[in-house]
Amino acid sequence: MTIHATRTTGATGATGATGAVRDAAVDLRGLRRTFRSAHGEEVVAVDGLDLLVRPGEVVALLGPNGAGKTTTLDVVLGLSRPSGGTARVLGLDPREAVRAGRVGAVLQTGGLLPTLTVGETLRYLAACHPGLAGRRGPEAADDALHRAGIAHLAGRRVSRCSGGEQQRVRFAAALLADPALLVLDEPTAAMDVAARRAFWDAMHAEAAAGRTIVFATHYLEEAEAFAHRTVLMARGRVVADGPTQEVRSRALGRTVSIALADPAAARTALADLRPRLARAGVAVLDTATDGPRLVLRVDDADTAARLVLDVEGAHDLEVAPGSLEDAFLLLTADATTTTARTTPTANPTATHTATEVAR
Amino acid sequence: MTALPAPAATAVPAPAPTGRVAPLSPTLLRLELLRLLRDPVTWIFSVGLPGFLYVMLGTSTEYADVSAGHGNLAMFVMIAMAAYGAVTATVGVGGRAALERTQGWGRQLGLTPLADLTWVGTKAATGVVLASLPVLLVYGLGLALGAEGTMGAWLGSLAVVLVGASLFSLLGLAIGLGFGTDQAVAATGGVVVVLGFLGNVFYPLSGVLLDIARFSPMYGYVGLARYPLTDGWTSMGAGPAFHDSLGLLIANVSVWTVLFGLVALLLVRRARSRQ
């Protein structure tokens, strides 16, 4: 709907023949970030990540805990420096982009001062922007409160706000300087369902205004409802990148399940089916037997369904969308083997990301 | 709906920061003070306690009127209690500033173009304003309850107490950055009490203890604050009167300020490198 239309408005960053993009909102190449653990071992949080986000895009970073989403966003925000590779934001060094007031962000762990009211908090943060000097500060603060839908909370102490309300205070703070890029790290984590809906409604308005939005989430529904493009991350790498629906079907697959005569028959059928599915070009992401039921998670449910119905005694076929939780478990266990085939072909930035995924 | 408003947000460039960095933001100073003054702990411990201690220690009829240089002993005690209150305030502001910087609020500020200089300047000003509350209370009590001295002793000591206290915000900053916990910053009140005893603030020292105390951080500061009153002489307590030269007191303050500053700087660097 409205979101798709906005993509054209922001598509000013022209792609050259070589694939190099000028004026990219976010341009990460070979990004690597390591930390030292308490025992002195090197822990790799982000491991050679390539990500290109163009102006006006709305992109979801989807992945399980520990996938490197927060670390990646910290680098984009200049809060953390890369251990390797390069990071550019709006054509600038990330810290410079933030200093220029061009990036707004909602952090997962951004603390607030409990003794200030919501309105004072916004006026405080407005005063931190040299571009909002004098009377423009309070005006920008009031405007941000309205846009975040929390003008009614202006007089309330931050300590008396719920977790969801505090998150919307951070959202208002992110809007203060009218940024070109909005970065949100699991923005709805502390919200109930109603607050979550109100938050995304407010975000739709910001997207319609042409802002580039990058957000991390582990809710597939949020990626589906809001992002045209989803980047699936696991163990510090991009494992799938493309239109959200495509990433969903390819990376998460669908679950095809069918009943057989008894548990033994189910196990036999599974052994028989494996080579036949492989010959038909169906990628099997996961398998299980549940009593007499055989459960397959595959990328191509139609072909798989035809094959399993051919098995003698097979009945009661069910096809369901793959669950993100299952996919996360699998991705966490083994990020490379099961997803190597999921490179989407329709990805407009495939030149930039395909090599990474195929590795 | 396909008709969309013009993408104003990306078309209009964000306001660029002005070239010169302000060393102080009035809005931030006002809000920082508002935060502190809303906290009853500030009133009780930072402001009330030094006033209470002065009334307890400085108004005793037995010795308050004893002559001390250009005034009386009540003034001698008054200067010490004001200095204690001022240092408690600035160490606390410095310590909490360090915590804010390294905890969640620091990340929130890290998302703004706020310059380090503006932040440091605003925090330093916050410390001085906060320190002036117990100082003015104690001096007011002194004026009302019998402290006596020449105009030079009143104004000179007041200036040294206020200006010198700001140096101790560096100590608070170092403690906050070094330990990085709320408990450490809460414990700075105790640290100031210990430094106060070593600095000849609460109780007159003598002998070996005094020889050691001369090298402690608050000794030079309080000695300088009392200088307009006593010209460096101290004659309280059982021991004989002794004298500290102006040079020695200034050297004490200078060395400790440089030390606190260096430690704070090293800890700031360490915090930066972890990003």
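Just so it is clear, the model here is predicted, and its values are computed rather than measured.

### Things to note about the overall build of chain A
A count of helices and strands for chain A gives 13 helices and 13 strands. Across chain A, the fraction of contacts at a sequence separation of at least 24, relative to all contacts at a separation of at least 6, is 70%.

### A few points about the overall build of chain B
Of regular secondary structure, chain B possesses 13 helices and four strands. The proportion of buried residues among the 275 residues of chain B is 45%. Put simply, of all contacts in chain B between residues at least 6 apart along the chain, 79% involve residues at least 24 apart.

### Quick notes on helix H9 (residues 244–252) of chain A
Along H9 of chain A, the positions that sit buried rather than exposed are Thr244, Val247, Arg248, Arg250, Ala251 and Leu252 of chain A. Downstream of H9 of chain A by one or two residues, Gly253 of chain A has phi in the positive range, about 65°.

### Re the pairing of strand E8 (residues 229–234) of chain A
All names here are of chain A. Most of E8 sits out of view: six of its six residues are buried. With burial as the criterion, each face of E8 is covered, one bearing Arg229, Val231 and Met233 and the other bearing Thr230, Leu232 and Ala234. Looking at chain direction, strand E3 (residues 58–62) and E8 are connected through four bridges and run parallel. Bridge assignment links Leu61 to a residue of E8, and that residue is Val231. Where E8 and strand E9 (residues 237–243) come together, six bridges link them in antiparallel fashion. In the strand pairing of E9, Val231 is matched with Asp241. Connecting the antiparallel pair E8 and E9 is a turn made up of two residues, with Arg235 showing a positive phi of about 50°.

### A word on the nonpolar core
Among soluble globular proteins, nonpolar side chains are generally buried collectively. Counting 92 residues, the largest nonpolar core has Leu122, Ala172, Leu176 and Val183 of chain A as the members making the most contacts within it. Those residues in contact with Leu122 of chain A, other than ones at most four positions away along the chain, are Ala141, Ala144, Leu145, Ala172, Ala173 and Leu176 of chain A. The next biggest cluster of nonpolar side chains, apart from the first, holds 66 residues, and it includes Ala64, Ala165, Tyr227 and Ala264 of chain B.

### Quick word on the sheet that holds strand E4 (residues 84–89) of chain A
Residues and elements named next belong to chain A. As summarised here, the arrangement of the three strands in space is E2-E1-E4, forming an open sheet in which the pairing is antiparallel. In this open sheet, the two edge strands, each paired with only one partner strand, are strand E2 (42–53) and E4. Direction aside, neighbouring strands of the sheet carry axes that sit 30° apart on average. On the sheet, helix H2 (residues 69–76) packs against strand E1 (26–36), E2 and E4 and is oriented at approximately 115° with respect to E1.

### A short note on the packing of helix H2 (residues 26–37) of chain B against helix H6 (residues 116–145) of chain B
All names here are of chain B. At their nearest, the axes of H2 and H6 sit 9 Å apart, and the two run at 45° to each other. Comparing their axes, H6 and H2 come out oblique. For the pair H2 and H6, the crossing hand works out as right-handed. Together, Leu28, Leu29, Glu32, Leu33 and Leu36 of H2 and Thr122, Ala125, Thr126, Val129 and Leu130 of H6 make up the contact between the two elements. Class assignment for the residues of the contact of H2 with H6 results in seven nonpolar, two polar and one charged.

### A few points about the UniProt feature "transmembrane region" (unreviewed entry) in chain B
Residue and element names in this part refer to chain B. With numbering aligned to this structure, UniProt lists the feature "transmembrane region" (unreviewed entry) at residues 40–61, 73–99, 120–141, 153–177, 184–203 and 246–268. The span residues 153–177 carries 96% helix and 0% strand; its end-to-end C-alpha distance comes to 37 Å. Counting secondary structure, residues 246–268 comes out at 100% helix and 0% strand; the distance between its end C-alpha atoms is 33 Å.

### Some remarks on the packing of helix H4 (residues 118–127) of chain A against helix H5 (residues 136–147) of chain A
Residues and elements named next belong to chain A. Two numbers describe how H4 lies on H5: the axes approach to 8 Å, and their chain directions differ by 125°. Considering their axes alone, H4 and H5 lie oblique with respect to each other. Between H4 and H5 lies a crossing of right-handed hand. Taking contact as the criterion, the partners of Gly119, Leu122, Arg123, Ala126 and Ala127 in H4 are, on H5, Gly137, Pro138, Ala140, Ala141, Ala144 and Leu145.

### Overview of the sheet that holds strand E7 (residues 212–217) of chain A
All names here are of chain A. Strands sit in the order E5-E6-E7-E3-E8-E9 across an open sheet of six strands; the sheet is mixed. In this open sheet, the two strands that pair with only one neighbour each are strand E5 (103–106) and E9. Taking the axes of each pair of neighbouring strands and ignoring which way they run, one obtains an average angle of 15° across the sheet. Relative to strand E6 (residues 181–185), E5 runs parallel, the two being bridged by four bridges. Within the sheet, the bridge partner assigned to Gly104 lies in E6 and is Leu182. Those strands touched by helix H6 (residues 163–175) are E5 and E6, and its axis lies near 175° from that of E5.

### Examining unusual backbone geometry
Residues and elements named next belong to chain A. Although it is not a glycine, Asp178 adopts a positive phi angle of roughly 55°. Counting through the fold element by element, Asp178 comes out in the loop between H6 and E6. By the C-beta count within 10 Å, which is 24 here, Asp178 ends up buried.

### Details of the environment of Gln166 of chain A
Residue and element names in this part refer to chain A. Relative to the elements of secondary structure, Gln166 occurs in helix H6. A residue is classified by how many C-beta atoms lie within 10 Å of it, and Gln166, with 22 of them, is buried. Residues Gln166 and Leu112, 54 residues apart in the sequence, show an inter-C-alpha distance of 7.9 Å. Leave out the neighbours within four places in its chain, and Gln166 touches Leu112, Val158 and Cys161.

### A short note on H4 of chain A
Counting buried residues in H4 of chain A gives ten out of ten residues, a clear majority hidden from the surface. Where H4 of chain A is concerned, the buried positions are Val118, Gly119, Glu120, Thr121, Leu122, Arg123, Tyr124, Leu125, Ala126 and Ala127 of chain A. Against H5 and H6 of chain A together with H2 of chain B lie the buried residues of H4 of chain A.

### What to know about the confidence of the model for chain B
All names here are of chain B. Looking at chain B as a whole, its pLDDT mean stands at 86, while 90% of the residues score no less than 70. Low pLDDT, under 50, characterises residues 1–17; the predicted model gives this stretch 43 contacts beyond four residues in sequence or across chains. For this predicted complex, the interface confidence score (ipTM) comes to 0.83, while the overall pTM stands at 0.78.

The rules behind each value
- Residues numbered from 1 in each chain as written.
- Chains lettered and ligands numbered in written order.
- Predicted model: local features only at pLDDT ≥ 70, side-chain atom pairs only at ≥ 80, totals over all residues.
- Helix = DSSP H or I, 4+ residues; strand = E, 2+ residues; numbered from the N terminus.
- Contact = placed C-beta atoms within 7 Å.
- Buried ≥ 20, exposed ≤ 12 C-beta atoms within 10 Å, placed from the backbone.
- Pairing = 2+ DSSP bridges.
- Core = buried A, V, L, I, M, F, W, Y, C linked by C-beta atoms within 7 Å.
- Axes fitted to C-alpha atoms, helices over the stretch in contact; angles between N-to-C directions.
- Parallel < 35°, antiparallel > 145°, perpendicular 65-115°, else oblique.
- Left-handed = near helix turned anticlockwise from the far one by under 90°.
- Nonpolar A, V, L, I, M, F, W, Y, C, P; charged D, E, K, R; others polar.
- UniProt positions renumbered as here; feature names shortened; annotations may be inferred.
- pLDDT = per-residue confidence, 0-100.

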